[in-house]
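A look at the structure
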Amino acid sequence: MSRGAVLRGALGILAFLALWELGARIDAPVVGVLPGPAEVASSFADLVGSGGYWSSWVASGERVLWGFAAAMAVGVPFGLLLAINQRAKALLFPPFEILRPIPPLAWVPLSILFWPTQNLSIEFVIFMGAFYTVVLNVVGGAEQIDRRHVLVARSLGAGTWTVYRRVILPATLPSIATGAVVGMGITWEVVVAAELISGGGGSGGDGGGLGFLLWNAYQGGAIAQVIVCMISLGVAGYASSVAVRVLSERLMPWKEAR
Amino acid sequence: MNPASLQIEDVAKSYRSQSGELLALASCSIEIAPEELHVIVGPSGCGKTTLLNAVAGFQGIDGGVIRLGGETLCTPERQAEPGADRVVVFQHSTLFPWRTVLDNVTYGPVIQGRRSRAEARSLARERLSQAGLAGLEDRYPAELSSGAQRRVEIVRALVNEPRVLLLDEPFRGMDQITRDLMHEALLELYDRARPTVLFITHDIEEAVFLGSRVTAMSARPGRVKATIEVDLPRPREAGLRASARFNELLADILSLVHDEANRAFVAGDREAA
Amino acid sequence: MRRLILGLLGCGLLLGLWYLAVDVLAFGRFGSLPPLGEVLTEWTSHEPVYGTSIFTHNYYADIWVSVRRVLEAFVLAVLLGVPLGLAIGWSRRFRDFTFPVLELIRPIPILAWVPLAILMFPRGEQPVIFLTWLSAFFVMTLNTLLGVQSVDRDLVRAARSLGASPRDVLRTVIVPGALPYVTTGMKIAIGVSWFSLVAGEMVAGQSGLGYLINSSYATVRYPTIVIGMLTLGIVGFATSAAIGALAGRLAPHRTRTAAA
């Protein structure tokens, strides 16, 4: 990136912050109700010192991790099954597709009813969010595998399991990776919403998750803190997507970077 | 058609790269008369595309001057603007995929405001028919063979009555048979309309078969090695390729270019984009 | 034909499992879920116990409210997002200034905006529409940008060489060239809109299908939860299909894949 571009980018960000600060001070429409960036920064400094903030990270992070892991653990084999076995696809894809338009958050009440703990119910909703993305990407990737690779392997004496493990799985890996990266992005969207919906005013900021923290701050009128939570969530989501992408690139050394 | 002369005088161009300044063109001078089909042939990296880009208005120059019809077109201080008086046909198809063949051909005249849509359409139909492409007007480019696409593109260019027609290795990568057919088609269009043409290629046989005059260029930094008159009669028949004179010319140019190509080969030159 | 039968069998299997686990066996946690039989009778009843069925007025009122909000937000997102994406893709200057700010804001989950949305747009359903719009807006901007960048630069040169001015190029080359990505973006955006709308209604709404689901949970009207979910599925599917059809007509010569 050229130096001019970096400079202009920084300028753009500064202009944004300046307008925000100005709008907050002069009580402009829409923006006037918000605290300015300066206030947000000091709130951040306060929060960073408190233990509750970091344990919220851990709480939300845990949920994301489990929900995501479940989505991958169930989604990848399920997707591969759909892609490989035509009969399975004809049988299972329709119910899959019928449930797909239901937004993941609509599952929250049923999830709360069903699962014994709050963590599990949130993780289930996260699972529903990421599951569809993972499956669709896996199916798409597996269906594009050149049939000839399978034929070659077979002609070299490979059995079904070997073909599965040595040809189909590696060839689908890029699509699995794409599904993982996109799915991971969705999980953070969902975890916030799930935390807001399932426990909104519930347990306090200690260990409740970033969504809880955000909502509690709002209820308590600490809007600067709300904004700090928003930014934290943005960072968390971005960092985890990057982490997944880096990890997946490690697993596929033969693929050029996109 | 109002074909113009093209004068390339002492043109030089250098690029800034990681290893410093790279001289792509060093003092090239070429004179092209109106209605002439001039071919520039040379090894990869010799700067022939750079010259074409400078005439077309996609790039500037660092030395010398380019004149079109006697008027200054391009100097180191002032780059030319792209325009329909110097239409370009690129290496790969640049037909607009979302427009039909007819709408592709009418694009130029309509966008310049020189013709109404109706006029442009009837003109386009006429030209397409002349080029043997009747019946394809309502097809999309993706539905055509590569040979047909190239011909449509040439018609699209010529319908603007350019002062110079610029062709940048337009038949590159085609198989022998298609290429021969394309040569015939191009020559037919040329004979009918007689624009000034600047044609870039690395295929010497193509250069001699098509050109009125051929300029052989050296490897980087590109210089004009020689400009040779191709005194073969027009219209150029396919049988000419077997004639003695043709092969003489071929040998002359080949020997000029071969050493240069070898140097370029050894130096590991990459194709100029 | 075989596929159709298998498909129906698959759906039947799903319903059958539900029936078995909840209606018949009701073991463990499955006992807390609303049984299939109850949901179906409630949904089709003239006098629904919990107040919502295909024969009640409020059912259709809720559906319409949600659909209207999604469409409003979606249209606004397209109207604002596409030009912004075009501008960012077309002008490097503009991109340098605005893209970093956009990319800093985009990772923030849409629902984290709920408190700010309520504060900034306090009247009625405005917060919900804002949230829905925001999610679709990012999708449209990003996909339009990708579309602009996907246009072969040589097409631009060819157009200039045919006498087009830079503005002509924008209008006759960039916009049509980016269209496949824009239409893909629209398909993604409608899905994302429903996602955000439901969440918004559940958290901050007073009407609509999301609100129906949430309030049914709060007022212990469990079969209605499922009615709401299934309705969402149907309506979501229908709007996606409609947008898909619209998208297909806008870019008939090609389809593409893009980013979410």
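None of the values given here were measured: they were computed from a predicted structure.

Further remarks concern the overall build of chain B. Helix and strand counts for chain B stand at seven helices and ten strands. Over its C-alpha atoms chain B spans a radius of gyration of 19 Å, differing by no more than 12% from the 19 Å that the globule rule assigns to 273 residues. Out of the 273 residues belonging to chain B, those deemed buried represent 45%.

Moving on to the domain arrangement of chain A. Residues and elements named next belong to chain A. Per the domain assignment, the segments making up chain A are domain 1 (1–34) and domain 2 (35–251). The distance between the C-alpha centroids of domain 1 and domain 2 comes to 32 Å. Split into classes, the residues belonging to the side of domain 1 that touches domain 2 amount to four nonpolar, no polar and two charged.

Residue and element names in this part refer to chain B. Averaged over all residues, the pLDDT of chain B equals 88, while 96% of them reach at least 70. Taken element by element, chain B is modelled with least confidence in helix 7 (residues 244–267), mean pLDDT 80, and with most confidence in helix 2 (residues 101–111), mean pLDDT 95. In the predicted complex, the global pTM is 0.85; the interface-specific ipTM is 0.87.

A separate point is the sheet that holds strand 6 (residues 86–89) of chain B. Residue and element names in this part refer to chain B. Strands sit in the order 6-7-8-3-9-10 across an open sheet of six strands; the sheet is mixed. Strands with a single pairing partner mark the edges of an open sheet, and in this sheet they are strand 6 and strand 10 (224–229). For this sheet the average axis-to-axis angle between neighbouring strands, irrespective of direction, equals 15°.

Quick look at the sheet that holds strand 5 (residues 71–74) of chain B now. All names here are of chain B. Spatially, the four strands line up as an open sheet ordered 2-1-4-5, and their pairing is antiparallel. Looking at which strands have only one partner, the edges of the open sheet turn out to be strand 2 (20–32) and strand 5. On average, each strand axis in the sheet is tilted by 35° relative to the strand beside it, whichever way the strands run. Relative to strand 1 (residues 6–17), helix 1 (residues 48–56) is tilted by about 110°, and along the sheet it contacts strand 1, strand 2, strand 4 (63–68) and strand 5.

On to helix 6 (residues 118–143) of chain A. Residue and element names in this part refer to chain A. Helix length check: helix 6 (26 residues) gives 38 Å between terminal C-alpha atoms against 38 Å at 1.5 Å per residue, within 8%. Maximal helix bending in helix 6 amounts to about 30°, located at Ala130. Across the 26 residues of helix 6, 21 count as buried, placing the element largely inside the fold.

In this structure, Leu105 of chain A together with Trp113 of chain C are the most contacted members of the largest nonpolar core, which totals 212 residues. The dominant element in this core, judged by the number of residues it contributes, is helix 8 (residues 166–204) of chain C, at 20 residues. Leave out the neighbours within four places in its chain, and Leu105 of chain A touches Val125, Val190, Ala193, Ala194 and Ile197 of chain A together with Val198, Ala199 and Met202 of chain C.

Our next topic: the interface of chain A and chain C. On the chain C side, the residues contacting the 47 residues of chain A number 47 residues. Every element with two or more residues in the side of chain A that touches chain C is listed here: helix 1 (3–25), helix 4 (86–99), helix 5 (108–114), helix 8 (160–199), helix 9 (210–219) and helix 10 (223–251) of chain A. The element contributing the most residues to the side of chain A that touches chain C is helix 10 of chain A, with nine residues. Taken together, the residues of the side of chain A that touches chain C sort by class into 40 nonpolar, four polar and three charged.

What follows concerns the interface of chain C and chain B. Across the contact, 15 residues belong to chain C and 18 residues belong to chain B. Elements with a contribution of two residues or more to the side of chain C that touches chain B: helix 7 (153–161) and helix 8 of chain C. Here the side of chain C that touches chain B gets six residues from one element, more than from any other, and that element is helix 7 of chain C. Residue composition of the side of chain C that touches chain B, by class: six nonpolar, four polar and five charged.

The rules behind these values
Residue positions are given per chain, counted from 1 along the sequence in the order it is written. Labels follow written order: the first chain is A, the first ligand is 1, and so on. In view of the model being predicted, local features appear only for residues whose pLDDT reaches at least 70, and side-chain atom pairs are presented and counted only at 80 or more, with totals across whole chains, interfaces and linings using the full set of residues. Here a strand is any run of E in DSSP of at least two residues, a helix any run of H or I of at least four, and the numbering for each starts at the N terminus. Radius of gyration means the value over C-alpha atoms here, while the globule rule gives 2.2 Å times the residue count to the 0.38 power. Partly exposed residues are those falling between the two cut-offs: more than 12 but fewer than 20 other C-beta atoms within 10 Å of their own, whereas 20 or more means buried and 12 or fewer means exposed, with C-beta atoms placed from the backbone. Boundaries between domains were set according to an automatic or database domain assignment. Polar here means any residue other than Ala, Val, Leu, Ile, Met, Phe, Trp, Tyr, Cys and Pro, which are nonpolar, and Asp, Glu, Lys and Arg, which are charged; Gly is therefore polar. The predictor's confidence in any single residue is recorded as pLDDT, a number from 0 to 100. The pairing criterion is simple: DSSP has to find at least two bridges between the two strands. To obtain each axis, a line is fitted to C-alpha atoms, and for helices this fit is confined to the stretch in contact; angles are then taken between N-to-C directions over 0 to 180 degrees. We call two residues in contact when their backbone-placed C-beta atoms lie within 7 Å. A helix is expected to span 1.5 Å for every residue after the first. Fitting one axis to the seven residues ending at a residue and another to the seven starting there, the bend at that residue is the angle between the two axes. Working definition: the nonpolar core is a set of buried Ala, Val, Leu, Ile, Met, Phe, Trp, Tyr and Cys residues, joined through C-beta atoms within 7 Å.

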